[in-house]
Amino acid sequence: MTVYAEVIGDPIAQSKSPAIHGFWIKKLALDAEYRATRVEVPALEEFLSSRRDDEAWRGCNVTMPHKQAVLPLLDRLEPLAKRVGAVNTITKAPDGTLVGRNTDVVGFLEPLAERLRDRHYFRMARVLGTGGAARAIVAGLAKEGFTLVIAGRNQDKARALLDEIDPEGEHHVAPLDHFAEVTNFAFDDREGCCDLVVNASPLGMRGQPPLSFDWSHAPPGSIAYDIVTDPVDTEFLKNARAAGFETLDGISMLIGQAATAFSHFFGVEPPRKYDGELRERLTA
């Protein structure tokens, strides 16, 4: 029996997950498939019900707009997914129960791991967005000792996100359009600070409105990190480089979160030694 996993969302055609998992399946010569399935919100419950009874189904990745909508339809959540309040991976236990997981946290932090091993005077991240991916990013950064500024169109939603995920933290919220205007704020320029500016929203994605961010809001030495993967090199990242900042693109997070999901789906670790080749394929 050929087993399979898939990614669900709406829209789904832009997803790079089939290319990633398919690449690893081929390298390992597994008798398995990985598919992309468009699932609209009203059909989500029916979709999961049908997959429960499919012996070949090993689970699915979950992308927009289902990362939170799927929560009440699952039998249980693993602790990190419960803390984040969003699921990006669903697996089926041997007894048929559906388990919600979140591998976005691990995937997001992976390209920052070497830097986060260093000690810093201060860590601050400006996170733009309040959706399911933003929740994972906030949870991961809060655990790593970052003071956070969450920017969204709805500041009440941003505050509620912080109060839910890290109520003890001294974090802040701001309107998203605050960062579109030039500022002359005097940032701390000491060596030993760690600053991130993260686009955790779909703004700048193909077919979406652009993200307006003026790089005068980024402290010296900041890293610009955009989780958008279509296009890979977004205007947000291009403008950051033009302003002299280091950048990380969404492929880094995408491969990292997919690796953990792959091991859950197929019971083997993906061959990460081919990451360079995989990245070339995804960015060609």
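Small disclaimer: the values here were computed from a predicted structure and weren't measured.

Participant: Quick rundown of the sheet that holds strand 11 (residues 223–226)? Include the residues and the values.
Facilitator: Strand order in this open sheet of six strands is 9-8-7-10-11-12, and the pairing throughout is parallel. Edge positions in the open sheet fall to strand 9 (172–175) and strand 12 (246–248), since each of these has one partner strand only. Looking at each pair of strands side by side, their axes are set apart by 20° on average, direction ignored. Relative to strand 9, strand 8 (residues 147–152) runs parallel, the two sharing four bridges. Counted as the bridge partner of I150 is V173 from strand 9.

Participant: Lay out the sheet that holds strand 4 (residues 76–77) in plain terms, naming residues and giving numbers.
Facilitator: If you walk across this open sheet you meet the six strands as 2-1-3-5-6-4, and the pairing is mixed. Here the strands that pair on one side only, and so sit at the sheet edges, are strand 2 (32–38) and strand 4. Judged from the seven bridges that link them, strand 1 (residues 3–9) and strand 2 form a sheet pairing that is parallel. Its bridge partner lying in strand 2, E6 is registered against R35. The strands touched by helix 1 (residues 17–28) within the sheet are strand 1, strand 2 and strand 3 (57–62), with strand 2 carrying the most contacts at an inclination of about 175°. Packing of helix 2 (residues 44–52) onto the sheet brings it into contact with strand 1, strand 2, strand 3, strand 5 (89–92) and strand 6 (98–101), and relative to strand 1 it is tilted by some 175°.

Participant: I'd like a rundown of the pattern of salt bridges, residues and numbers included.
Facilitator: Within the structure shown, the criterion is met by 19 salt bridges. For E144, the salt bridge is made with R123, and the minimal N-O distance between the two is 3.8 Å. Here the residue E144 occupies a position in the loop between helix 6 (132–143) and strand 8, and R123 occupies one in strand 7 (residues 122–128), the gap between them amounting to 21 residues. Overall, E144 belongs to the partly exposed group, its relative accessible area being 27%. Take R123: its relative accessible area is 12%, and that puts it in the buried class. Its salt-bridge partner being D195, residue R126 comes within 3.8 Å of it at the nearest N-O pair. Of the two residues, R126 is situated in strand 7 and D195 in strand 10 (residues 193–199); the sequence distance between them amounts to 69 residues. Accessibility expressed as a relative area gives 8% for R126, which makes it buried.

Participant: Can you tell me about the packing of aromatic side chains, naming the residues and giving the values?
Facilitator: Counted under the stated rule, the structure contains 12 aromatic pairs. Centroid distance F179 to F213: 5.7 Å. Interplanar angle 20°. Geometry classified as stacked. Placement of F179 in the loop between strand 9 and strand 10 and of F213 in the loop between strand 10 and strand 11 is noted, with a sequence separation of 34 residues between them. Relative to F236, the ring of F213 has its centre 5.9 Å away and its plane inclined at 65°; by these criteria the two rings are edge-to-face. Taken together, the residues F213 in the loop between strand 10 and strand 11 and F236 in helix 8 (residues 235–242) connect sequence positions 23 residues apart. Across this residue pair, the class does not change: F213 and F236 are buried.

Participant: Go over the side chain of D166 with me, naming the residues and quoting the values.
Facilitator: By the element assignment, D166 lies in the loop between helix 7 (155–165) and strand 9. At 4.8 Å, R83 is the nearest oppositely charged side chain to D166, a buried residue that forms no salt bridge. Polar contacts involving the side chain of D166 include one to the side chain of H171, which spans 2.7 Å. Residues in contact with D166, not counting those within four places in the same chain, are A142 and H171.

Participant: Would you mind going over the layout of surface pockets in detail, with residue names and values included?
Facilitator: In this structure, the largest pocket encloses a volume near 880 Å³. Listing elements by their share of the lining of the largest pocket, those giving two or more residues are strand 3, helix 6 and helix 9 (250–266). The dominant element in the lining of the largest pocket, judged by the number of residues it contributes, is helix 9, at four residues.

The rules behind each value
- In every chain, residue numbers begin from 1 and rise along the written sequence.
- Residues qualify for local features only when their pLDDT is at least 70, as the model is predicted, and side-chain atom pairs are given and counted only at 80 or more; totals for whole chains, interfaces and linings, by contrast, use all residues.
- In computing side-chain values, all of the structure's heavy atoms are included and hydrogens and water are not.
- Two strands qualify as a pair provided that DSSP identifies no fewer than 2 bridges between them.
- The secondary structure listing takes helices from DSSP runs of H or I that are at least 4 residues long and strands from runs of E that are at least 2 residues long, numbered from the N terminus.
- Angles shown run from 0 to 180 degrees and are taken between the N-to-C directions of axes, each axis being a line fitted to C-alpha atoms and, for helices, limited to the stretch in contact.
- Any pair of residues with heavy atoms lying within 4.5 Å of one another is described as a contacting pair.
- By convention in these notes, a salt bridge is any Lys or Arg side-chain nitrogen within 4 Å of a carboxyl oxygen on Asp or Glu.
- Only protein chains enter the accessibility calculation, which uses a 1.4 Å probe; a residue whose area is less than 20% of its type maximum is buried, one above 50% is exposed, and one in between is partly exposed.
- Ring geometry is summarised as follows: Phe, Tyr and Trp rings, the Trp one being its six-membered ring, pair when their centres sit within 6.5 Å, and such pairs are stacked at plane angles under 30 degrees, edge-to-face over 60 and tilted between the two.
- Positive charges come from Lys and Arg alone, negative charges from Asp and Glu alone, with His and the N- and C-terminal ends not counted.
- Here a polar contact means two N or O atoms within 3.5 Å. Within protein one must be a hydrogen donor candidate and the other an acceptor candidate, and residues neighboring in sequence count only if both atoms are side-chain atoms.
- Any residue with an atom within 4 Å of a point lines the site, the site being either a cavity, points on a 1 Å grid over the protein atoms alone where a 1.4 Å probe fits but cannot get out, or a pocket, an open set with protein on both sides within 12 Å along at least 5 of 7 lines.
- Grid points are joined across faces, edges and corners, and a volume is the space filled by probe spheres set on the points.

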